[in-house]
Amino acid sequence: GQQVMQIPQYQHVQEGEDFTTYCNSSTTLSNIQWYKQRPGGHPVFLIQLVKSGEVKKQKRLTFQFGEAKKNSSLHITATQTTDVGTYFCADQTGANNLFFGTGTRLTVIP
Amino acid sequence: DSGVTQTPKHLITATGQRVTLRCSPRSGDLSVYWYQQSLDQGLQFLIQYYNGEERAKGNILERFSAQQFPDLHSELNLSSLELGDSALYFCASSARDSHTDTQYFGPGTRLTVL
């Protein structure tokens with residue numbers, strides 16, 4: 001069946017360091033969405049990538065979709081304590097359902 | 001605040017019982033989705049309704065059912081509860097039934113089965 005794995009599962013960084021989480025799929029992804037879930041909160045939509053090789057930026061966040069549409073990454077430059085949370089990638093199947101990755105929990109040490 | 005509301009916020013019940021979780025989508029959104037988040041299974045899609053009709057089913061157990069009412073609010077019914085059903089249940093809504101639509105998540109209902 002479809003599997004969307006994320007690595008690493010956990011990441012601790014010093015404030016100011018960069019952070020990257022990778023999303024890998026066993027099948028070709030139709031499109032990829034990224035969500036952030038703060039501790040005790042709910043998933044919040046960050047961005048959607050649709051095209052092969054697409055790169056999008058949101059301030060310190062850079063999102064990339066692989067050329068083969070089987071992987072994606074989220075890179076945060078110069079992390080801040082407000083970046084703490086779990087970052088999920090999610091694949092949308094044709095029926096508009098989200099198939100979530102396993103998530104990467106980011107801790108930022110001040 | 002996403003505009004999606006869920007009640008109750010917390011629910012504690014016993015094994016074998018039945019509970020109903022309620023979700024009101026964002027104003028104007030026609031699609032409602034239910035997700036289950038547990039420590040061992042992560043965030044899993046359960047079921048989707050669009051304008052009152054079931055559109056897609058995910059890993060939803062037969063003991064679970066849902067419906068969407070004419071006013072577009074939705075209810076998720078969980079019956080014959082087991083300890084393993086303890087989880088966070090999220091509702092999300094989107095404007096239409098398109099794969100490009102953003103889904104907005106509610107604050108969730110935390111279910112504890114004792």
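Residues numbered from 1 in each chain as written. Chains lettered and ligands numbered in written order. Predicted model: local features only at pLDDT ≥ 70, side-chain atom pairs only at ≥ 80, totals over all residues. Heavy atoms only, no water.

Quick notes on the overall build of chain B
Keep this limit in mind: Strands here are runs of E lasting at least two residues and helices are runs of H or I lasting at least four, both read from the DSSP assignment and numbered beginning at the N terminus. Burial classes follow relative accessibility: with a 1.4 Å probe on protein chains only, a residue under 20% of its type's maximum area counts as buried, one over 50% as exposed, and anything between as partly exposed. Contacts are assigned to residue pairs that have any heavy atoms within 4.5 Å of one another. When charges are counted, neither His nor the chain ends are considered; positive counts come from Lys and Arg and negative counts from Asp and Glu. Charge positions come from single atoms, namely NZ of Lys, CZ of Arg, CG of Asp or CD of Glu.
The secondary structure content of chain B amounts to zero helices and 11 strands. Counting from the amino terminus, helix and strand elements in chain B follow one another as β-β-β-β-β-β-β-β-β-β-β. When the backbone C-alpha atoms are referred to their principal axes, chain B occupies close to 35 × 30 × 25 Å. Within chain B, the fraction of its 114 residues that count as buried is 51%. Long-range contacts, defined as pairs at least 24 residues apart, comprise 55% of the intrachain contacts of chain B with a sequence gap of at least 6. Each charge class in chain B can be summarised by its mean position, and for the 9 positive and 12 negative side chains these summaries are 3 Å apart.

Considerations on unusual backbone geometry
Residues other than glycine predominantly adopt negative phi, and peptide bonds predominantly adopt the trans conformation. With an omega of -5 degrees, the peptide bond running from A:Ile7 to A:Pro8 counts as cis. In this fold, A:Pro8 is placed in the loop between strand E1 (4-7) and strand E2 (10-14). Look at the link from B:Thr7 to B:Pro8: it is a cis peptide, with omega at -10 degrees. Topologically, B:Pro8 is positioned in the loop between strand E1 (5-7) and strand E2 (10-13). In the Ramachandran plot, A:Lys69 falls in the positive-phi region, its phi being about 55 degrees despite a non-glycine side chain. Following the sequence through the fold, A:Lys69 ends up in the loop between strand E7 (61-65) and strand E8 (71-76). Positive phi outside glycine occurs at A:Ala78, with the angle close to 50 degrees. Structurally, A:Ala78 is set in the loop between E8 and strand E9 (85-92).

Points about the interface of chain B and chain A
Stated formally: Buried area is calculated as the accessible area (1.4 Å probe) missing from two parts once they are joined, with the contributions of both summed. A carboxyl oxygen of Asp or Glu within 4 Å of a side-chain nitrogen of Lys or Arg is what we treat as a salt bridge. In the analysis that follows, any N or O atom pair within 3.5 Å is treated as a polar contact, provided that within protein one partner can donate a hydrogen and the other can accept it, and provided that, for residues neighboring in sequence, both atoms belong to side chains. Under this grouping Gly is polar, as are all residues other than the nonpolar Ala, Val, Leu, Ile, Met, Phe, Trp, Tyr, Cys and Pro and the charged Asp, Glu, Lys and Arg.
The partner chain A presents 17 residues to the 21 residues of chain B that form the contact. Counting each side, the surface lost to burial between chain B and chain A is near 1,500 Å², with a carbon and sulfur contribution of 51%. Inspection of the chain B/chain A interface yields zero salt bridges. For the interface between chain B and chain A, the tally reads two residue pairs in polar contact (both at pLDDT 80 or more). Looking at the side of chain B that touches chain A, the elements that each hand over two or more residues are strand E4 (31-38), strand E5 (42-50) and strand E9 (87-94) of chain B. Across the side of chain B that touches chain A, the residue classes tally to eight nonpolar, 10 polar and three charged.

Considering the pairing of strand E5 (residues 44-49) of chain A
All names here are of chain A. How we decide: Should DSSP find at least two bridges between two strands, the strands are taken to pair.
Where strand E4 (residues 32-37) and E5 come together, five bridges link them in antiparallel fashion. Pairing of Lys36 across the sheet is with Val44, part of E5. Once E4 ends, the chain turns through six residues before running back antiparallel as E5, passing Gly40 with a positive phi of about 80 degrees.

A look at the packing of aromatic side chains
To keep it simple, the criterion reads: In this scheme Phe, Tyr and Trp rings, the latter by its six-membered ring, pair at centre separations within 6.5 Å, and the angle between planes marks the pair as stacked below 30 degrees, edge-to-face above 60, and tilted otherwise.
Counted by the stated rule, this structure contains 12 aromatic pairs over all chains. Judged by centre distance (6.5 Å) and plane angle (50 degrees), the ring pair of A:Trp34 and A:Phe63 falls under tilted. Placement of A:Trp34 in strand E4 and of A:Phe63 in strand E7 is noted, with a sequence separation of 29 residues between them. The same class applies to A:Trp34 as to A:Phe63, namely buried. When the ring of A:Phe100 is compared with that of B:Phe105, the centres are 6.1 Å apart and the planes differ by 80 degrees; the resulting orientation is edge-to-face. In this pair, A:Phe100 is assigned in strand E10 (residues 98-100) and B:Phe105 in strand E10 (residues 104-105), connecting two distinct chains. On the basis of relative accessible area, B:Phe105 is assigned to the buried category, the value being 1%.

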